[in-house]
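Architecture and fold: a report
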Amino acid sequence: MTFKRTKSALLVIAALGLAACGDEQQIPSNSEPKALTEKDAQQFVEKAQKDISELLIPAAQAEWAYQTYINQDTAALSAYFNEKVTSKATNYAKQSAKFNAVEVDQDTRRKLNLLTNSLVMPAPEDPEKSARLAQIGSELGGMYGAGKYCRNTEECFTLPEMSNIMASERDPKLLLEMWEGWRQVSPPMKALYAEQTELANQGAQELGKKDLSEMWRGSYDMEAEAFGQELDRLWGQVKPFYEALHCHVRAELGEKYGEDVVPQDEPIPAHLLGNMWGQSWGNIYDIVKPEQKMDVIDITKALEEHDYDEIQMVKQAESFFSSLGFAPLPETFWERSMFTQPTERDAVCHASAWDVDNIEDLRIKMCIQKNGEDFSTIHHELGHNYYQRAYNKQPTLYQNSANDGFHEAIGDTIALSITPKYLKEIGLVDNIPDASNDIGMLLKLALDKIAFVPFGLMVDQWRWKVFSGEITPEQYNSGWWQLREKYQGLQAPVDRPADAFDPGAKYHVPANTPYTRYFLAHILQFQFHRSLCEIAGDQGPVHRCSIYGSKEAGTALNNMLEMGQSRPWQEALETLTGKPEMDATAILDYFEPLKAWLDEQNQDRKCGW
Ligand code: X8Z
Ligand code: ZN
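Report follows, based on the coordinates. (Residues numbered from 1 in each chain as written. Chains lettered and ligands numbered in written order. Predicted model: local features only at pLDDT ≥ 70, side-chain atom pairs only at ≥ 80, totals over all residues. Heavy atoms only, no water.)

A look at the pairing of strand E4 (residues 352–355)
- Neither face of E4 is left uncovered, since the one carrying Ser352 and Trp354 and the one carrying Ala353 and Asp355 both have all their residues buried.
- Bridge count between E4 and strand E5 (residues 362–365): four bridges; the pairing is antiparallel. The residue bridging Asp355 from the neighbouring strand is Leu362, located in E5.
- What sits between E4 and E5 in their antiparallel hairpin is a turn of six residues, with Asn358 showing a positive phi close to 60°. (Buried < 20%, exposed > 50% of the residue type's maximum accessible area, 1.4 Å probe, protein only. Helix = DSSP H or I, 4+ residues; strand = E, 2+ residues; numbered from the N terminus. Pairing = 2+ DSSP bridges.)

Laid out in structure tokens, this is it:
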């Protein structure tokens, strides 16, 4: 898609990308140039919104068809609409500049700015280049979606199958095989990615930007440079906690696999963390858990024991939102969503949430695995859907989250309320473990949430350097691993082949989905949770709070969601939390009891890499 709108029709289009076709609205140019007025600007914005929103619906339908049924024809349709939308949006972005010196009301100015700054893959004016950009976008997405690893001619693994192995198997040889195997999907993407970067950079430059990196960093209601500093500040807040977690995990992995496999003064080999990308580590809780016996609820087991199927998992998540006062999902959600991996056709399994008509045609697309991780991801996806529906009365250009981190944070915020108390209330478990087990519970969650933070940051640090030319195509892979080491303290478990393109083995790179949003979401969700718990009147520690059933919390949340992108994100944040700043003290406070425990464990260890 063309715009950065998350998980909605606009987002899908942002990943695509084609050229101008001559049917875009032109600013009337008389032989005697007439000064543009505020009224011209308002009419221009109105026309742009109408024009773009009409095209977004068939574009989203085509993209849905492609992602749920990858073949030659749907690929062509996807590329076709990708071109249409991207070229139209790029054209409007260009024309917006003509109003730079015109005095206009605040609302029109905001919309003009959004038109200019919301493109993910701006198209070059040259129709051939623009068409090529769209085609590459669709091709990369399809290569990832159809990707498999075949051990031999008989035995092939899909990504969900390999992810399950990474999560539950403990034989380092097998883990390495899967880790390397999946990365065979991406070397053929490398040249395409370089070409795409060049084309989109040209598109960005035609819009007056230095490069695409400036565009990506420039959509946060502040200067691109200032936004970069804001990220550094937030990371600086979380870093000491991450280092303590890293230290403990490395030591325990060393015990488990031996220090020859996990050297204690080096970055951790990336295949041992329970996840294909080493991005969240909750699946290795059993390896790093406290020596003292802790009663930590295993949601996978609870789902199994209660015989939950995929649909029931989604219904359960829906009922959480209903308990807050949100209307049930429409009938069409249940008819049109893709909940399980289709057999006998390729589909993009990476979870996403869609609003195909930008009103009520909400859907999710997932290959749900019946485990705790996907139970949480379902809440994540529904968070997108409820957000989309909450802002559907806003004008098209405001039908988006306050910033993209907000979109990613809502469902996660709800999932933070999946506490033992809540699980007992819905009958998934019989007992609530007492407070002496909290360290175990916090450690398990920190393995997902704190461990994720530097990964959430490094993906776009890499892309921004690629877009700015600081990392050249020859350095794609080495630059990736330098950042993996710098931020996460991880290393490749084996020397990477010369043609490796490991960034391409992470969905969001071939899909052109910006990733900083997840970093922001991991900070924001704890701010949201803290505020909602206060509003719900919860008196206990914030890590035991569930807002389940609180209409007050639901109303407060909805008040923010309804705003969409109509105001700067700082205002939306203030609406819910009372403060306009992103602030990592919320995540730190949440995990505070664990920090003391980690420091104690690490006392005699040498930390760092
Ligand atoms: O991509 C996602 C969601 C869809 S927006 C499933 N996430 C990131 C990832 O999987 O890498 C959620 C957490 C981070
Ligand atoms: Zn998401």
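Observations concerning the coordination of the zinc ion (ligand 2)
- Within the protein, His380 (NE2), His384 (NE2) and Glu408 (OE) serve as the donor atoms for the zinc ion (ligand 2), at 2.0 to 2.1 Å.
- Taken together, the four donor atoms surrounding the zinc ion (ligand 2) define angles of 90 to 131° at the centre, an arrangement classified as tetrahedral.
- You can call His380 buried: its relative accessible area is 12%. (Donors = N, O, S within 2.8 Å, 3.2 Å for Na, K, Ca; no water. Tetrahedral: all angles 85-135°; square planar, octahedral: opposite > 155°, others 65-115°.)

Comments concerning the side chain of Arg183
- For Arg183, the position within the fold is in the loop between helix H7 (172–182) and helix H8 (190–206).
- Buried within the structure, Arg183 lacks any salt-bridge partner; its nearest side chain of opposite charge belongs to Asp502, at an N-O separation of 4.4 Å.
- Within the local environment of Arg183, its side chain forms a polar contact with the backbone oxygen of Trp179, the two atoms lying 2.9 Å apart.
- Excluding anything up to four places from it in sequence, Arg183 contacts Met276, Trp277, Arg496, Asp502 and Ala505. (Lys, Arg positive; Asp, Glu negative; His and termini not counted. Salt bridge = Lys/Arg side-chain N within 4 Å of Asp/Glu carboxyl O. Polar contact = N/O pair within 3.5 Å; in protein donor to acceptor, adjacent residues only side chain to side chain. Contact = heavy atoms within 4.5 Å.)

Some points on the state of the cysteines
- Following the criterion strictly, the structure yields four disulfides and no others.
- Across the disulfide, Cys150 is cross-linked to Cys156 (sulfur-sulfur distance 1.9 Å). Across the disulfide from Cys150 to Cys156, rotation about the S-S bond amounts to roughly 105°, and the bridge is consequently right-handed.
- Two residues, Cys533 and Cys545, share a disulfide whose sulfurs are 2.0 Å apart. Residues Cys533 and Cys545 are joined by a disulfide whose S-S torsion is about -100°; by sign, that bridge is left-handed. (Disulfide = S-S within 2.5 Å.)

A closer look at the packing of helix H16 (residues 404–415) against helix H21 (residues 551–562)
- Close contact between H16 and H21 brings their axes to 12 Å; oriented N to C, the two are set at 165°. Our classification of the angle between H16 and H21 gives roughly antiparallel. The handedness of the crossing between H16 and H21 comes out as left-handed. Within the contact between the two elements, H16 uses Phe406, Ile410 and Ile414 and H21 uses Leu557, Met560 and Leu561. (Axes fitted to C-alpha atoms, helices over the stretch in contact; angles between N-to-C directions. Parallel < 35°, antiparallel > 145°, perpendicular 65-115°, else oblique. Left-handed = near helix turned anticlockwise from the far one by under 90°.)

A word on a negative patch on the surface
- Taken together, the side chains of Glu255, Glu259, Asp260 and Glu291 make up a negatively charged region of the molecular surface.
- Residue placement: Glu259 occurs in the loop between helix H10 (224–257) and strand E3 (268–269).
- What makes Glu259 exposed here is its relative accessible area of 54%. (Patch = residues over 30% accessible without salt bridge, like charges linked within 9 Å, V, L, I, M, F, W, Y side chains within 5 Å. Areas by Shrake-Rupley, 256 points an atom, 1.4 Å probe, with all protein chains shown as cover. Charge placed at Lys NZ, Arg CZ, Asp CG, Glu CD.)

Thoughts on the packing of helix H2 (residues 38–68) against helix H4 (residues 106–117)
- Contact geometry for H2 and H4: axes closest at 10 Å, N-to-C directions at 45°. On the basis of their axis angle, the class for H2 and H4 is oblique. Crossing handedness for the pair H2 and H4: left-handed. Across the interface between the two elements, Ala41, Gln42, Phe44, Val45, Ala48, Gln49 and Ile52 of H2 pack against Thr108, Lys111, Leu112 and Leu115 of H4.
- Among the residues forming the contact of H2 with H4, the class breakdown is seven nonpolar, three polar and one charged. (Nonpolar A, V, L, I, M, F, W, Y, C, P; charged D, E, K, R; others polar.)

What about the packing of aromatic side chains?
- For the structure on display, the rule yields 40 aromatic pairs.
- In this structure an aromatic cluster arises from ring pairing among Tyr193, Trp462, Tyr476, Trp480 and Phe501.
- Its guanidinium or amino end placed over the ring of Trp464, Arg217 lies 5.9 Å from that ring's centre, counting from NZ or CZ.
- The ring centre of Trp64 lies 4.9 Å from the NZ or CZ of Arg363, which sits over that ring. (Phe/Tyr/Trp six-rings, centres within 6.5 Å; stacked < 30°, edge-to-face > 60°. Lys NZ or Arg CZ within 6 Å of the ring centre and 35° of its normal.)

Observations concerning H8
- Here H8 contains 17 residues, and its C-alpha end-to-end distance of 25 Å stays within 8% of the 24 Å for a straight helix at 1.5 Å per residue.
- Among the residues of H8, those classed as buried are Lys190, Leu192, Tyr193, Ala194, Gln196, Thr197, Leu199, Ala200, Asn201, Gly203 and Ala204.
- Elements in contact with the buried residues of H8: helix H5 (127–145), helix H9 (212–217), helix H18 (438–468) and helix H19 (476–488).
- Positive phi shows up at Gly208, right after H8, with a value of about 90°. (Expected span 1.5 Å × (residues − 1).)

Here we look at the pattern of salt bridges
- What the rule picks out here adds up to 33 salt bridges.
- Ionic pairing is found between Glu155 and Arg151, a salt bridge with its closest N-O pair at 3.1 Å.
- Residue Glu155 is classed as partly exposed on the basis of its relative accessible area, which comes to 34%.
- The salt bridge partner of Arg517 is Glu408, with a shortest N-O separation of 3.9 Å. With Arg517 in helix H20 (residues 516–535) and Glu408 in helix H16, the pair connects residues that are 109 residues apart, well separated along the chain. Both residues of the pair, Arg517 and Glu408, belong to the buried class.
- Three or more residues are tied together by salt bridges with common partners; here these are Arg530, Lys579, Asp583 and Asp589.

A closer look at H20
- The end-to-end C-alpha distance of H20 is 28 Å, a good match for the 28 Å that 20 residues give at a rise of 1.5 Å each.
- Within H20, the axis deviates most sharply at His522, by approximately 30°.
- Burial of H20 is extensive: 17 of the 20 residues sit out of reach of the surface.
- Gly537 sits one or two positions beyond H20 and adopts a positive phi of about 80°. (Bend = angle between axes of the 7 residues up to and from the residue.)

Focus: the environment of Phe526
- By the secondary structure assignment, Phe526 is in helix H20.
- Overall, Phe526 belongs to the buried group, its relative accessible area being 2%.
- When the C-alpha atoms of Phe526 and Asn558 are compared, they prove to be 17 Å apart, with 32 residues separating the residues in sequence.
- Apart from residues lying up to four places away in sequence, Phe526 is in contact with Leu416, Lys449, Ala586, Ile587, Tyr590 and Phe591.

Observations regarding the environment of Arg250
- Following the sequence through the fold, Arg250 ends up in helix H10.
- Note: C-alpha distance between Arg250 and Gln264 (14 residues apart in sequence) is 6.8 Å.

Side note on the environment of Val249
- Relative to the helices and strands, Val249 resides in helix H10.
- Along the chain, Val249 and Glu470 lie 221 residues apart, while their C-alpha atoms are 33 Å from each other.
- Among residues more than four places away in sequence, those in contact with Val249 are Ile268, Leu273, Trp281, Ile284, Val288 and Leu447.

None of the figures reported here should be taken as evidence of function without further support.
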